[in-house]
Every structure is written in structure tokens, then in C-alpha cells.
Amino acid sequence: MTGLRYVYAVCHPFDTPLQAQLTGVAGDPPRLLRHHGLIAVLSRVPERDFAEEPLHRHLEDLDWLTATARAHQGVIDALTVVTTPLPLRLGTVFRDDSGVRVMIEEREEAFRRTLDRLHGRVEWGVKVYAETDAAGAENAGDADGEAPAEKAMSGRDYLRRRRMRVRSREEMWQQAEAFATRLHEKLSEHAEDSRLHAPQNPALSGASGQNVLNAAYLVPRSDSEKFVEMVDRTKDEAPGMRVELTGPWAAYSFAGEEEIR
């Protein structure tokens, strides 16, 4: 088999076949490599794109990176339907099947430990955004944030108005942080594990509002419906707060790959 080996994940053996039309990175269907009672899910990829030097260049190409990440995630999603995969990092490439087998042998104990811990579990993501329409209105108009019609007020009234707006904004953020903290504590009680990630930059994510909670929760598949219902019930609890739920995902946040390398 020519070409380099792009590895998506390591899994326990499973019997359910993957989707017949599933394609992976570089358009190659994923296949299973069995070794020491584990399975590496991989595709064949061309050396011209995935050898160390061209891969490094491609990772700085946003269009290429987006297409590759989408194909990578498509395989992980398909695996999540039939088993509990341990996802590897985007761009995990080996020279040949022998290299993949060596990798499995070197990390076998950690792979098994992590797969046993994640078995039958999925990751749910929850984000909370504080809507900032009021803040946007405050900054509309001139550079001082005041509409032209308000410039006729006295200096004292102007300062009082500004103080009221600053106080109102501070109270909004306090309420947002308190809501996010309560929600995280509540969801963590109904999950086996949780992770707090850094808030997303709205300029990069394109999401409206200020991200005040970006968390992941490890939940047994059998409890997922209950977890989703719990999140749904919180969506109208606090005016001005937007709660977003994503998943179920493979347990990226709990794979601990940095510990098993």
C-alpha cells in the first residue's frame, strides 16, 4: 500500500461497519489496522502533501486546513456512531503501517487506560453568551457614545448618564458571570467530568455576544437525553443570556492525548 498513513483515532475492536460511502482526508476511505487487540483508523495520503515539510506549509493555508479538518471530523463523527474512539491530533501521519504499529505498541497501556475510561461516553459542549446589543447601542453615535440629541444636556447630567450606563454594564457582566457559574456547577453535577475552555474570541468565532462560558462535559450515552433536556430548560432562565449546546462529540476534551504521547 503506497502513500503515507494518516491516523484519525485508536479504538477497541468493533463489529458495526462504517458508512459505505465515507471518505477521509485526501479523499481516501478510512480503513482499520488491527494490532495488539486495538484498531488504528487510518487513510492513505500523498507524500507530496503530508510529508513533514509540505504538511507544515499546508497547516498555514486556511482553506486547506479547513477542508482537511472537515474530512478528519467526518471520520471521527462516523466512528462515534459505532464505537468510542480516542481521537488523535489533526495531521498525525506515519510513513507506513509498521510506523503505526510501533506507535500503538509504545502507547498501548495509555491507549487502553483512556479507552476504558471513555467507553460508552460522549462529549457535550455548552457555551453561554451575554448578548451585547445594549453595549452596541451605547457605542453608537459619536465617539463619546452619545446621540446628537443628548448633547444639549448639562455637563452634570451628562456625567450622571455616563455613570449609569457604566454601572448598568457592570451589573450585566456580573449577572452573566453568576449565571454561567451556576449553570456550570449544575451541569458538572450531572456529568462524569468537565473541562472549562478559554472563552471564544467573537472576532474569530463569528458568534454574536460575549462568550462567558465555554465548557465540555463527559456524559454516558445513556444519560445524554437527560443532559440535553437539562440544558434546554436553562435557555430561558436569564434574559440576555444565550445558551448553545453542541454534540454529541468524541471525547476530545477528555482524551488526554498530551498524557499518552
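What you are looking at is a predicted structure, and each value in this text was computed from that prediction instead of being measured.

The rules we used
- Residues numbered from 1 in each chain as written.
- Predicted model: local features only at pLDDT ≥ 70, side-chain atom pairs only at ≥ 80, totals over all residues.
- Heavy atoms only, no water.
- Helix = DSSP H or I, 4+ residues; strand = E, 2+ residues; numbered from the N terminus.
- Buried < 20%, exposed > 50% of the residue type's maximum accessible area, 1.4 Å probe, protein only.
- Polar contact = N/O pair within 3.5 Å; in protein donor to acceptor, adjacent residues only side chain to side chain.
- Contact = heavy atoms within 4.5 Å.
- Phe/Tyr/Trp six-rings, centres within 6.5 Å; stacked < 30°, edge-to-face > 60°.
- Core = buried A, V, L, I, M, F, W, Y, C linked by side-chain atoms within 4.5 Å.
- Expected span 1.5 Å × (residues − 1).
- Bend = angle between axes of the 7 residues up to and from the residue.

### Topic: the side chain of histidine 184
- Take histidine 184: it is sitting in helix α6 (residues 155-189).
- On the basis of relative accessibility, which here comes to 14%, the residue histidine 184 falls in the buried class.
- Side-chain polar atoms of histidine 184 contact the side chain of tyrosine 217, separated by 2.8 Å.
- Sequence-distant contacts of histidine 184, that is, excluding residues within four places in its chain, are made with Ser194, Leu196, Leu213, Ala215 and Tyr217.

### Some points on the packing of aromatic side chains
- Counting across every chain of the model gives 4 aromatic pairs.
- Each ring, one from tyrosine 6 and one from phenylalanine 50, has its centre 5.9 Å from the other, and the planes form 85°; the classification is edge-to-face. With a gap of 44 residues between them, tyrosine 6 in strand β1 (residues 4-11) and phenylalanine 50 in helix α1 (residues 47-50) connect regions that are remote in the sequence.
- Look at phenylalanine 50 and you get buried, because its relative accessible area is 4%.

### Looking at the nonpolar core
- One finds Val126, Leu183, Leu187, Tyr217 and Phe227 to be the most contacted residues of the largest nonpolar core, which totals 23 residues.
- By residue number, the principal contributor to this core is α6, which donates 7 residues.
- Formed by 22 residues, the second largest nonpolar core is a distinct cluster that contains Phe50, Trp64, Leu79 and Ala250.

### Let's talk about helix α4 (residues 97-118)
- The terminal C-alpha atoms of α4, which comprises 22 residues, lie only 26 Å apart, well short of the 32 Å expected from a rise of 1.5 Å per residue.
- A maximum bend of about 70° is found in α4 at arginine 107.
- Within α4, the full set of buried residues consists of Asp97, Val100, Met103, Ile104, Arg107, Glu108, Ala110, Phe111, Thr114, Leu115 and Leu118.
- Structurally, the start of α4 carries an N-cap: the backbone nitrogen of serine 98 is 3.2 Å from a side-chain oxygen of aspartate 96.
- Backbone geometry just downstream of α4 places glycine 120 in the positive-phi region, at approximately 75°.

### Let's talk about helix α3 (residues 62-82)
- The end-to-end C-alpha distance of α3 is 31 Å, a good match for the 30 Å that 21 residues give at a rise of 1.5 Å each.
- Those residues of α3 not exposed but buried are Trp64, Thr68, Ala71, His72, Val75, Ile76, Ala78, Leu79 and Thr80.
- Where α3 begins, one side-chain oxygen reaches toward the backbone nitrogen of aspartate 63, 3.1 Å away; that side chain belongs to aspartate 61.

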